[in-house]
Amino acid sequence: MELSGGEIVIRALRDEGVEYVFGYPGGAVLHIYDALFQQDEVRHILVRHEQAAAHAADGYARSTGKPGVVLVTSGPGATNAVTGIATAYMDSIPMVVLTGQVPRAVIGSDAFQEVDTVGITRPCVKHNFLVKSLDELALTLKKAFYIATSGRPGPVVVDIPKDVTDPNVKIPYEYPEKIEIRSYHPVEKGHHGQIRQAIKLMQQAERPIIYSGGGVVLGEASEELTELTRLSGFPITNTLMGLGSYPATDRQFLGMLGMHGTYEANMAMHKADVLVAIGARFDDRVTGKIEQFCPNAKIIHVDIDPASISKTIRPDIPIVGPVKQVLGDMIETWKENARELEPKPLDKWWEQIEAWRAMHCLKYETNSEKIKPQECVETLYRVTGGELFLTSDVGQHQMWAAQYYKFTQPRRWINSGGLGTMGFGLPAAMGVQLAHPDAEVACITGEASIQMCIQEMATCMQYGLPIKVVLMNNGYMGMVRQWQEFFYESRYSHSYVDALPDFVKMAESYGHIGMRVENPADLEAAMKEAFGRKDRFVFLDVVVDPAENVYPMIEAGKPHNQMHLSPYLSSERELA
Amino acid sequence: MRHVIAVLMENESGALSRVAGLFSARGYNIESLTVAPTDDPTLSRMTIVTRGSEAVIEQIKKQLNKLIDVVKLLDLSEGPHIERELMLIKLNAERDYRDEAQRLADIFRGNIVDVTPSSFVIEMTGDSRKLDAFIRAVDKDRIVEVVRTGPSGISRGTRGLVI
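Calculation notes
- Residues numbered from 1 in each chain as written.
- Chains lettered and ligands numbered in written order.
- Predicted model: local features only at pLDDT ≥ 70, side-chain atom pairs only at ≥ 80, totals over all residues.
- Helix = DSSP H or I, 4+ residues; strand = E, 2+ residues; numbered from the N terminus.
- Buried ≥ 20, exposed ≤ 12 C-beta atoms within 10 Å, placed from the backbone.
- Contact = placed C-beta atoms within 7 Å.
- Expected span 1.5 Å × (residues − 1).
- Nonpolar A, V, L, I, M, F, W, Y, C, P; charged D, E, K, R; others polar.
- Pairing = 2+ DSSP bridges.
- Axes fitted to C-alpha atoms, helices over the stretch in contact; angles between N-to-C directions.
- Domains from an automatic or database assignment.
- Parallel < 35°, antiparallel > 145°, perpendicular 65-115°, else oblique.
- Left-handed = near helix turned anticlockwise from the far one by under 90°.
- Core = buried A, V, L, I, M, F, W, Y, C linked by C-beta atoms within 7 Å.

A. How the structure looks around the overall build of chain A. In terms of helices and strands, chain A carries 21 helices and 20 strands. C-alpha atoms of chain A, sized along the principal axes, occupy 80 × 60 × 40 Å. Taken over 576 residues, chain A has a buried fraction of 56%. When contacts within chain A are restricted to residue pairs at least 6 apart in sequence, long-range pairs at least 24 apart make up 77% of them.

Rendered as structure tokens:
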């Protein structure tokens, strides 16, 4: 079969099992778009801005585990996509980004819509390619998918000069089933000796804790994580990226840890004698002050990426391998050992944890005349029965969603953790909804974040995506305002958005349903109504208390035992 | 600590900038870097001289290994190895300095590879300290220009960095 370059691109996507391509056409990719037009197996979703194409592909990938695919043109098409690529890179999301490039003959001449895409994206991709001849096109695409999805996943950019996709030049098409790259061998198995040592340490622990992250979600290891946690009886805390990989409704779950983690999770980390880190990378938002991080703990670190080991925290027992296999081996080893030697009882440790838990660090004022943002998330949880795919933007609303929505399944909580990209939520929700057409998908957002990709309401209209946007509108860039309140003596420098649009009318102008709620008494009914409109995109503008802050909070660079707790807790205690 | 890291990588355009970009993006030190294709034209070999604490060096090696184009690497400083650097140095060699310059070149086993009535170009190889010593030995005012390649390294013994 002889195909042109443009046809090869589309055919290769088909052979990779790609359902959706998120993209935006332009000069350098016209040949590819023409090939796309002439088939109906790979569906194209036309976004309104290339950043959204990358976020939508990202949302698709996070909710399915399959790679997201992006197609954009050269120059501004590629640069607009960079934010989305970097977002995926920071959270290790499998993605293949196809960018058009100017014809080979004019590369380097500052041609119209030319940028050095490979150069610009190099620091924010797992790998990238410039396709230099038609002969290497199919093989390069195969490599791109293999690299993006194997080992520690990540985005791969394939930059394709326009003349490589010339419809008049055809070559025989051959797409390899499997591929070997001599310089790339992801680790397939964790070292059993290390695993035995880890289990031995865990079974001698008196104050253990499991700290697990996004790697468990990416590595499809939630079941194993849950089994090991139940088997060991250890308390467990999740990172922002790990939420849902262990059921948040379970007694052993202490909530999220870190800067806005729960009191019990952070205190348990601080007092632990054995820390089992699984698929987590000791991000600064988690560790706080490195020198005082888990000061008394022996540390076990399971990660697929050798470079994650000892990057910031030096573990006592490193285990490099895929989490699913390593956890499986850990479970077996635990069972074998437990027959000979009874693991230490943890009653005392749990007593201590329950005492911390009794602090109820997430309590907030419930009799306010204003809608409390925490209440908004809890209402969302009640109304949706915890079954939601929830995407988020970045800021206070993101933290409240992470704290108050109890995720019980992986791939349901979709947010930009590493890069913290405002504007991520709505386009990501599009990818999620396309991947799960019958599921309930919502985007929780703030009035600042949503405006960074709000044009995607048009895309939602075009493809009939019944997403629910829950906007917690406090008029401020809330997280910025909170930091200014705490650390800049309430000098609210440019964190107040003075000219907000009427979001109801805006939603309506895109053909959607817009609703606004201001009174706490109306919140639940409004949310039920919004989620009752199964086939429609509903934009719910919830006016929340602008003064509310996210608690607990650990200041950047402080240790886990130095938390700011909500002033509401102390005022309540004084009353009692 | 100074470390000499030998890297075997795909001879692809852009491979060098991936390494250079990694060092600048992560704030690693790069003292010198030399690269050229090997006997196998699909492979390039790079010698990187860097400095850092043991923790930093460990990260540098891991991050280098993580680059898709890197096939293999070896920290030569971990065992006995040989380093050689090439220097070309142009001296202002008027009549009053020609004998002295020639004698010095001989002592350091350098070769004079270009001669004009008023200048010499001397070619010299050795480890970096020897080249430093030569520069110190010649009259400072006589040096017109110096070009050095940075060290290339290879391990001693039978084993090699090959695929």
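B. How the structure looks around helix 3 (residues 50-64) of chain A. All names here are of chain A. Across its 15 residues, helix 3 extends 21 Å between first and last C-alpha, which sits within 8% of the 21 Å expected from 1.5 Å per residue. The element helix 3 is extensively covered by neighbouring structure, given that 14 of its 15 residues are classed as buried. Looking one or two residues past helix 3, glycine 65 carries a phi angle of roughly 90°, positive in sign.

C. Up close: the interface of chain A and chain B. Between chain A and chain B, the contact holds 12 residues from the first and 17 residues from the second. Looking at the side of chain A that touches chain B, its residues break down into six nonpolar, three polar and three charged.

D. Region of the structure containing the sheet that holds strand 3 (residues 43-51) of chain B. Residues and elements named next belong to chain B. Strand order in the open sheet made by the four strands is 2-3-1-4, with antiparallel pairing throughout. Both outer strands of the open sheet, strand 2 (32-37) and strand 4 (70-75), are each paired with one neighbouring strand and no more. On average, each strand axis in the sheet is tilted by 15° relative to the strand beside it, whichever way the strands run. Relative to strand 4, strand 1 (residues 2-10) runs antiparallel, the two sharing five bridges.

E. Geometry of the pairing of strand 2 of chain B. Residues and elements named next belong to chain B. Bridge count for strand 2 against strand 3 is six bridges, and the pairing is antiparallel. Each residue of the ladder has a partner; that of threonine 34, found in strand 3, is threonine 47. Between strand 2 and strand 3, which follow one another and run antiparallel, lie five residues.

F. Structural context of unusual backbone geometry. Residues and elements named next belong to chain A. Cis geometry marks the peptide bond from tyrosine 551 to proline 552; its omega dihedral reads -10°. Within the fold, proline 552 resides in the loop between strand 20 (538-543) and helix 21 (567-575). One non-glycine residue, serine 310, adopts positive backbone phi at about 65°. Relative to the helices and strands, serine 310 is located in the loop between strand 13 (298-303) and strand 14 (317-320). Judged by the 16 C-beta atoms lying within 10 Å of it, serine 310 falls in the partly exposed class. Despite not being glycine, glutamate 489 has its phi angle at roughly 45°, a positive value. Counting through the fold element by element, glutamate 489 comes out in the loop between helix 18 (478-487) and helix 19 (503-509). Judged by C-beta crowding, with 7 C-beta atoms within 10 Å, glutamate 489 ranks as exposed.

G. The sheet that holds strand 16 (residues 413-414) of chain A, seen in detail. Residue and element names in this part refer to chain A. Read across the open sheet, the six strands follow the order 16-15-17-18-20-19; overall the sheet is parallel. Looking at the sheet topology across the chains shown, the edges are occupied by strand 16 and strand 19 (513-517). For strand 17 (residues 441-446) and strand 18 (residues 468-473), the ladder comprises five bridges, and the chain directions are parallel. Bridge assignment links glycine 446 to a residue of strand 18, and that residue is methionine 472.

H. Examining the environment of lysine 335 of chain A more closely. Residues and elements named next belong to chain A. By the element assignment, lysine 335 lies in helix 12 (residues 323-340). By the C-beta count within 10 Å, which is 11 here, lysine 335 ends up exposed. Put simply, lysine 335 and leucine 228 are 107 residues apart on the chain and 9.9 Å apart in space, counted from C-alpha to C-alpha.

I. Quick look at the domain arrangement of chain A. Residues and elements named next belong to chain A. What the domain assignment lists for chain A is domain 1 (2-172), domain 2 (192-357) and domain 3 (373-550). Domain 1 puts 25 residues into the contact, and the matching count from domain 3 is 27 residues. Of all the elements in the fold, those that place two or more residues in the side of domain 1 that touches domain 3 are strand 2 (20-24), strand 3 (43-46), helix 3 and helix 4 (76-90). For the side of domain 1 that touches domain 3, the element with the most residues is helix 3, which contributes 11 residues. Across the side of domain 1 that touches domain 3, the residue classes tally to 11 nonpolar, 10 polar and four charged.

J. Fine view of the packing of helix 7 (residues 192-203) of chain A against helix 12 of chain A. Residue and element names in this part refer to chain A. At a closest axis distance of 9 Å, the pairing of helix 7 and helix 12 adopts a crossing angle of 55°. Between helix 7 and helix 12, the angle is such that the two are oblique. The element helix 7 and its partner helix 12 pack so that their crossing is right-handed. Residues His192, Ile195, Arg196, Ala198, Ile199, Lys200 and Gln203 of helix 7 pack against Val326, Asp329, Met330, Thr333, Trp334 and Asn337 of helix 12. Its residues assigned to classes, the contact of helix 7 with helix 12 shows six nonpolar, four polar and three charged.

K. The nonpolar core, seen in detail. Counting residues in each nonpolar core, the largest one holds 208 residues, and the members touching the most others are Ala53, Val70, Ile85, Leu275 and Leu540 of chain A. Discounting chain neighbours no more than four positions away, the residues touching isoleucine 85 of chain A are Ala54, Val97, Thr121, Cys124, Val125, Pro155 and Val157 of chain A. In terms of nonpolar packing, the next biggest core, distinct from the first, is built from 11 residues, Ile89, Leu91, Met124 and Leu131 of chain B among them.

L. Focus on the domain arrangement of chain B. Residue and element names in this part refer to chain B. When the domains of chain B are assigned, the result is domain 1 (2-79) and domain 2 (82-152). A C-alpha centroid distance of 29 Å is found between domain 1 and domain 2. Of all the secondary structure elements, the ones that give two or more residues to the side of domain 1 that touches domain 2 are strand 2 and strand 3. A per-element tally of the side of domain 1 that touches domain 2 places strand 2 first, with three residues.

M. Layout of the pairing of strand 12 (residues 274-278) of chain A. Residue and element names in this part refer to chain A. With respect to burial, strand 12 is a largely interior element, five of its five residues being buried. Side chains Val274, Val276 and Ile278 project from strand 12 onto one buried face, and the interleaved Leu275 and Ala277 project onto a second face that is buried too. When strand 9 (residues 208-212) meets strand 12, the two strands line up parallel, connected through five bridges. In the sheet register, proline 208 faces strand 12, and the bridge partner there is valine 274. In this sheet, strand 13 lies alongside strand 12 in parallel orientation, the contact comprising five bridges. Looking across to strand 13, one finds that isoleucine 278 is bridged to valine 302.

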